[in-house]
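If you want the building blocks of each chain, they are given just below.
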Amino acid sequence: MGIHVLDHPLLHETMARLRDRDTPCDDFRMLAYRISLLLTLEGTRDLPSVEGTVETPLETAAVRRLSARVVAVPVLRAGLGMLGAFLDLVPSAQVGYFGLERDEATAVARCYYEKVPADLSDAFVFLLDPMLATGGSAAMAAEGLRERRAGRVRFLSIVAAPEGVARLVEAAPGAEIFTAALDRGLDEQKYILPGLGDFGDRLYCT
Ligand code: PRP
Ligand code: URA
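A brief report on the enclosed structure follows. These numbers come from a predicted model, not from an experiment.

A word on the pattern of salt bridges. With the rule as written, the count across this model stands at 10 salt bridges. Residue Arg-19 is joined to Asp-183 by a salt bridge in which the shortest nitrogen-to-oxygen separation is 2.8 Å. Taken as a pair, Arg-19 in helix 1 (residues 9-19) and Asp-183 in the loop between strand 11 (176-182) and strand 12 (185-186) lie far apart in primary sequence, 164 residues in all. Classification of Asp-183 as buried rests on a relative accessible area of 8%. Note that Asp-201 and Arg-77 form a salt bridge whose closest N and O atoms lie 3.0 Å from each other. You can see Asp-201 sitting in helix 6 (residues 199-204) and its partner Arg-77 sitting in the loop between strand 4 (69-76) and helix 3 (80-89), a full 124 residues away along the chain. Of the residues examined, Asp-201 reaches a relative accessible area of 30% and is grouped as partly exposed.

Right, dumping it as structure tokens:
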């Protein structure tokens, strides 16, 4: 599995504001959108395209058009904070959903909803979940994708912990991880350190 940790001064500036405990949730949502744009650009860099032509007002121009089937799968609820950016850049993408929730006491994920296309064998699948902590949620989502025969899986996260990366590598050896930050570790409640707190709560002002 490849892990790609993004490195760009505009990303670092945006991450600094996203992590800041004093950032209000309306700003947090906008910053998450911007980071998700950068992650989407990086994660889709090698998607296949075909040559074609279009008529400009002046003459015929050679162009390239996306030729891949792309499926975005946000993990509810926090992954919804990344979906708008993804669809703004890949408007032709299909969308499926996994609803996963960590138990507050054990940090073990359970699935409460799934609506994902049945056959993903010919698709480039992008799992969207901003936090990769223990990796339990990501591993569960990866298992759901494997049941649907997904072969090309990319996981877009905003903050990842080494524990989560290791768990996902074990669960989905062929997947690629794109993350805006690889943090130090986890605390006793399995929150990422230094992290940014509870992403879903900060996104939705709860
Ligand atoms: C968060 C996050 C991931 C999960 C990561 O979701 O969005 O899905 O935790 O933790 P893990 O790697 O230890 O599984 P949460 O369960 O808090 O639900 P929410 O998105 O509804 O807030
Ligand atoms: N989920 C979050 O939202 N934050 C963490 O640090 C870990 C899991």
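Looking now at the side chain of Asp-187. Its place among the elements puts Asp-187 in the loop between strand 12 and strand 13 (192-193). Lacking a salt bridge, the buried Asp-187 has Arg-102 as its closest oppositely charged neighbour, with an N-O distance of 6.7 Å. Within the local environment of Asp-187, its side chain forms a polar contact with the backbone nitrogen of Tyr-191, the two atoms lying 2.8 Å apart.

Inspection of the secondary structure assignment puts Pro-130 in the loop between strand 8 (123-128) and strand 9 (131-132). Taking relative accessible area as the criterion, Pro-130 reaches 0% and is therefore assigned buried. For the pair Pro-130 and Ser-67, spaced 63 residues apart in the sequence, the C-alpha separation amounts to 27 Å. Those residues in contact with Pro-130, other than ones at most four positions away along the chain, are Ala-78, Gly-79, Met-82, Ser-157, Ile-158, Val-159 and Phe-199.

Together, Ile-3, Val-5 and Leu-182 give the surface a local cluster of nonpolar side chains, amounting to about 230 Å² of exposed area. Locating Leu-182 in the fold gives a position in strand 11.

Moving on to the packing of helix 2 (residues 25-43) against helix 3. Remark: helix 2 packs on helix 3, axes separated minimally by 8 Å, with the N-to-C direction vectors making an angle of 50°. As judged from the angle between their axes, helix 2 and helix 3 are oblique. Handedness of the crossing formed by helix 2 with helix 3: right-handed. When helix 2 is examined against helix 3, the residues Ala-32, Tyr-33, Ser-36, Leu-37, Leu-39, Thr-40 and Leu-41 are found in contact with a partner set consisting of Gly-81, Met-82, Gly-84, Ala-85, Phe-86, Asp-88 and Leu-89.

Cut-offs and rules
- In this numbering scheme, every chain counts its residues from 1 along its sequence in written order.
- Key to labels: chains lettered from A, ligands numbered from 1, both in the order written.
- Only residues with pLDDT of 70 or above have their local features reported here, since the model is predicted, and side-chain atom pairs are shown and tallied only from 80 upward, although totals for entire chains, interfaces and linings are computed over all residues.
- Computation of side-chain values: all heavy atoms of the structure, hydrogens and water removed.
- One side-chain nitrogen of Lys or Arg within 4 Å of one carboxyl oxygen of Asp or Glu is enough to make a salt bridge.
- Secondary structure elements are defined from DSSP: runs of H or I of at least 4 residues count as helices, runs of E of at least 2 residues count as strands, and each element is numbered from the N terminus.
- Throughout this description, buried means an accessible area under 20% of the type-specific maximum (1.4 Å probe, protein chains only), exposed means over 50%, and partly exposed covers the range between.
- His is not counted, nor are the chain ends; Lys and Arg add positive charge and Asp and Glu add negative charge.
- By the criterion applied in these results, polar contacts are pairs of N or O atoms within 3.5 Å in which, for protein atoms, one can donate a hydrogen and the other can accept it, and in which residues neighboring in sequence qualify only through two side-chain atoms.
- Throughout, a residue-residue contact means that at least one pair of heavy atoms, one from each residue, lies within 4.5 Å.
- Patches here are clusters of residues that have more than 30% relative accessible area and form no salt bridge, with a 9 Å joining cutoff for like charges and a 5 Å cutoff for nonpolar side chains (Val, Leu, Ile, Met, Phe, Trp, Tyr).
- Each accessible area value is a Shrake-Rupley result obtained with a 1.4 Å probe; residue values ignore everything except the protein chains displayed when judging cover.
- Lines fitted to C-alpha atoms define the axes, with helix axes restricted to the stretch in contact, and inter-axis angles between N-to-C directions lie between 0 and 180 degrees.
- Note on angle classes: values under 35 degrees are labelled roughly parallel, values over 145 roughly antiparallel, values of 65 to 115 roughly perpendicular, and the remainder oblique.
- Take the far helix as the reference: if the near one is turned anticlockwise from it by less than a right angle, the crossing is left-handed, and if turned clockwise, right-handed.

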